[in-house]
Amino acid sequence: MATLPMKMLEENLNKKVTLLLKDNRSLVGTLVGYDEYMNMTLDDAEENGEVQRKIGKVIIRGSNVVRITTK
Amino acid sequence: MATLPMKMLEENLNKKVTLLLKDNRSLVGTLVGYDEYMNMTLDDAEENGEVQRKIGKVIIRGSNVVRITTK
Amino acid sequence: MATLPMKMLEENLNKKVTLLLKDNRSLVGTLVGYDEYMNMTLDDAEENGEVQRKIGKVIIRGSNVVRITTK
Amino acid sequence: MATLPMKMLEENLNKKVTLLLKDNRSLVGTLVGYDEYMNMTLDDAEENGEVQRKIGKVIIRGSNVVRITTK
Amino acid sequence: MATLPMKMLEENLNKKVTLLLKDNRSLVGTLVGYDEYMNMTLDDAEENGEVQRKIGKVIIRGSNVVRITTK
Amino acid sequence: MATLPMKMLEENLNKKVTLLLKDNRSLVGTLVGYDEYMNMTLDDAEENGEVQRKIGKVIIRGSNVVRITTK
Amino acid sequence: MATLPMKMLEENLNKKVTLLLKDNRSLVGTLVGYDEYMNMTLDDAEENGEVQRKIGKVIIRGSNVVRITTK
């Protein structure tokens, strides 16, 4: 019983996820939506870099995502 | 009830959004339109970099967008 | 009433536009045509860099365009 | 009897694989799913770099993958 | 009456064009053909860089082209 | 009688090939499979860089391949 | 009578061509095949860089090609 990537996204709706982006930025937030291109919408997002910054509601383009870590 | 990326864009029509682009530039403006490729049209756009510059009406190619922050 | 990106291009036919390209070059010219890939044809184009250079009639490949500023 | 790339992925479901990514990071984990774009889901993933870091359940976008090593 | 990018190419068949490529090289030559991907064939091509080099008949892949300047 | 790229791959099934990748790494191994995207599976693969490393069975994503040398 | 890029390739089957690649490498060889993506197969290929190296039969992925020079 494989866990397809899209299924793992679905299982993490309304849960905290961490996105690592191509520009090496990391975002933490609640996954509130996604589409077939792995574009994602996060709520209560925060950027985790040298400085921690709250950025709230955000749409991330899937083409910039390297990996999505779930809890 | 997931918030699909395209739905979040629709909800932000005529509202202020901040776009972070791949070249690390950041643009703030009123979202006045978008299409299926996440190309977007902004009104009253300003570039937020070392210098703040008014650039007015602008079309942004979706392929250059990393993330869209809404209020 | 949203202003779709393609509609904003259409509204700017025969008007001055400024293109910011991925290589950070900026071109100003009269938009005389475009297609579905945002390839564009400009007339009386000038490059706006350290040096200002007239380049006349030019076709720009849409894949190199970051943003299109209109008046 | 050729071993198609997708067949080799299938044969490695629930086995340890090592992913080398474009950003030169390397991830080890149990392959629990994949799709036609070579997006993959790993369980018990660990990052193998200067520092070894446990990252648990993770979705990797196929477009960032250079190679997949199996045992 | 817009001048579509493909139409401008057609109008410049058998005329001199200058191609600026993504690697910043510039080629001058007679446009003898093109296709829907803006792949182009040039005759009597010359590279315009620090050194000027005759390269004769050449096929240029459209994906490397930034802009095409016509006379 | 042209030798199409896919045909040359087929002729080299179960033979040694050398892959040059975009990250400048070079891999040698026995080609045991490939698909329409030039994703390939190698057996007994070795990395040929400053250090020579055995990596065994491996899937290479075609999008990272620059060239494939055959014997 | 335009010379389409694909037609120029066809006319150069079994002739010497020089490929300039995105990584700035240059390859000379006899064109023995190609496909719709401009993937090409060369025979008696040689790399023309600081050092000249014989590499024999080779498949080149079209996505890495900048230009193809013919005689």
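Small disclaimer: the values here were computed from a predicted structure and weren't measured.

1. A look at the overall build of chain A
Okay, so step 1: When helices and strands are tallied, chain A shows one helix and five strands.
Okay, so step 2: When the elements of chain A are put in sequence order from the N terminus, they spell out α-β-β-β-β-β.
Okay, so step 3: Relative to its length of 71 residues, chain A is compact, with a C-alpha radius of gyration of 12 Å against a globular reference of 11 Å.
Okay, so step 4: Seen through its principal axes, chain A has C-alpha atoms that stretch 40 × 20 × 20 Å.
Okay, so step 5: Taken over 71 residues, chain A has a buried fraction of 56%.
Okay, so step 6: The contacts of chain A with a sequence gap of at least 6 include a subset with a gap of at least 24, amounting to 33%.
Okay, so step 7: Treating the 11 positive side-chain charges of chain A as one cloud and the 10 negative ones as another, the clouds have centres 3 Å apart.

2. Describing a positive patch on the surface
Okay, so step 1: Residues A:K22, B:K22, C:K22, D:K22, E:K22, F:K22 and G:K22 make up a contiguous surface patch of positive charge.
Okay, so step 2: Residue position: G:K22 is located in the loop between strand 1 (16-21) and strand 2 (26-34).

3. Regarding the interface of chain A and chain D
Okay, so step 1: Tallying the contact residues gives 20 residues for chain A and 22 residues for chain D.
Okay, so step 2: When chain A packs against chain D, close to 1700 Å² is buried across both sides, 58% of that on carbon and sulfur atoms.
Okay, so step 3: Put simply, chain A and chain D have ten residue pairs in polar contact (both at pLDDT 80 or more) between them.
Okay, so step 4: Listing elements by their share of the side of chain A that touches chain D, those giving two or more residues are helix 1 (5-11) and strand 5 (65-70) of chain A.
Okay, so step 5: Residue contributions to the side of chain A that touches chain D peak at six residues, all from strand 5 of chain A.
Okay, so step 6: Residues belonging to the side of chain A that touches chain D are distributed by class as follows: eleven nonpolar, six polar and three charged.
Okay, so step 7: Pairing of strand 5 of chain A with strand 4 (residues 52-60) of chain D, which is carried by three bridges, proceeds in the antiparallel orientation. Within the sheet, the bridge partner assigned to A:T69 lies in strand 4 of chain D and is D:V58.

4. A few points about the interface of chain E and chain G
How big an interface is tends to be expressed through the accessible area that disappears when the partners come together.
Okay, so step 1: With 22 residues of chain E in contact, the opposing surface of chain G contributes 20 residues.
Okay, so step 2: Between chain E and chain G, roughly 1700 Å² of surface is buried when both sides are summed, and carbon and sulfur atoms account for 57% of that area.
Okay, so step 3: Sorting the residues of chain E by area buried against chain G places E:K57, E:I59 and E:R61 first, and these three jointly supply 39% of that buried surface.
Okay, so step 4: For the pair chain E and chain G, the interface holds one salt bridge.
Okay, so step 5: Between G:R67 and E:E47 there is a salt bridge, with its nearest N and O atoms 2.8 Å apart.
Okay, so step 6: Within the residue set of the side of chain E that touches chain G, elements represented by two or more residues are strand 2 (26-34), strand 3 (40-48) and strand 4 (52-60) of chain E.
Okay, so step 7: By residue number, the principal contributor to the side of chain E that touches chain G is strand 4 of chain E, which donates six residues.
Okay, so step 8: The residue makeup of the side of chain E that touches chain G, split by class, is eleven nonpolar, four polar and seven charged.

5. Quick notes on unusual backbone geometry
Okay, so step 1: Its identity as a non-glycine residue notwithstanding, E:N14 has a phi of 70°, on the positive side.
Okay, so step 2: Within the secondary structure layout, E:N14 lies in the loop between helix 1 (5-11) and strand 1 (16-21).

6. Section: the pattern of salt bridges
Okay, so step 1: The full count for this structure, using the stated rule, is 42 salt bridges over all chains.
Okay, so step 2: Here A:D43 makes a salt bridge to A:K57, at a shortest N to O gap of 3.7 Å. Note that A:D43 is positioned in strand 3 (residues 40-48) and A:K57 in strand 4 (residues 52-60), a separation of 14 residues in sequence.
Okay, so step 3: Between E:D23 and E:R25 there is a salt bridge, with the nearest N and O atoms lying 2.9 Å from each other.
Okay, so step 4: What makes E:D23 partly exposed here is its relative accessible area of 35%.
Okay, so step 5: Here the salt bridges do not stand alone but share partners, grouping A:D23, A:R25, A:E47, A:R53 and B:R67 into one network.

7. Some remarks on the environment of D:R61
Okay, so step 1: Within the fold, D:R61 resides in the loop between strand 4 and strand 5 (65-70).
Okay, so step 2: Sequence spacing of D:R61 and D:Y37 is 24 residues, and the spatial spacing of their C-alpha atoms is 8.1 Å.
Okay, so step 3: With sequence-adjacent residues up to four places away left out, D:R61 is seen in contact with A:Y37, A:M38, A:G62, A:S63, A:V65, A:V66 and D:N39.
Okay, so step 4: A polar contact of 3.2 Å, which involves the side chain of D:R61, links it to the backbone oxygen of A:Y37.

8. Some details on the UniProt feature "domain: Sm" (unreviewed entry) in chain A
Okay, so step 1: Here the UniProt feature "domain: Sm" (unreviewed entry) sits at residues 4-71 of chain A.
Okay, so step 2: Overall, residues 4-71 of chain A shows 10% helix and 57% strand. The separation of its end C-alpha atoms is 17 Å.

9. Quick word on the arrangement of the chains
Okay, so step 1: Spatially, chain B and chain F are disjoint, and the shortest separation between their C-alpha atoms is 19 Å.
Okay, so step 2: Nothing in chain D touches chain G; the tightest C-alpha to C-alpha distance between them is still 15 Å.

Basis of the calculations
- Residues numbered from 1 in each chain as written.
- Chains lettered and ligands numbered in written order.
- Predicted model: local features only at pLDDT ≥ 70, side-chain atom pairs only at ≥ 80, totals over all residues.
- Heavy atoms only, no water.
- Helix = DSSP H or I, 4+ residues; strand = E, 2+ residues; numbered from the N terminus.
- Rg over C-alpha atoms; globule rule 2.2 N^0.38 Å.
- Buried < 20%, exposed > 50% of the residue type's maximum accessible area, 1.4 Å probe, protein only.
- Contact = heavy atoms within 4.5 Å.
- Lys, Arg positive; Asp, Glu negative; His and termini not counted.
- Charge placed at Lys NZ, Arg CZ, Asp CG, Glu CD.
- Patch = residues over 30% accessible without salt bridge, like charges linked within 9 Å, V, L, I, M, F, W, Y side chains within 5 Å.
- Areas by Shrake-Rupley, 256 points an atom, 1.4 Å probe, with all protein chains shown as cover.
- Salt bridge = Lys/Arg side-chain N within 4 Å of Asp/Glu carboxyl O.
- Buried area = accessible area lost by both parts, 1.4 Å probe.
- Polar contact = N/O pair within 3.5 Å; in protein donor to acceptor, adjacent residues only side chain to side chain.
- Nonpolar A, V, L, I, M, F, W, Y, C, P; charged D, E, K, R; others polar.
- Pairing = 2+ DSSP bridges.
- UniProt positions renumbered as here; feature names shortened; annotations may be inferred.

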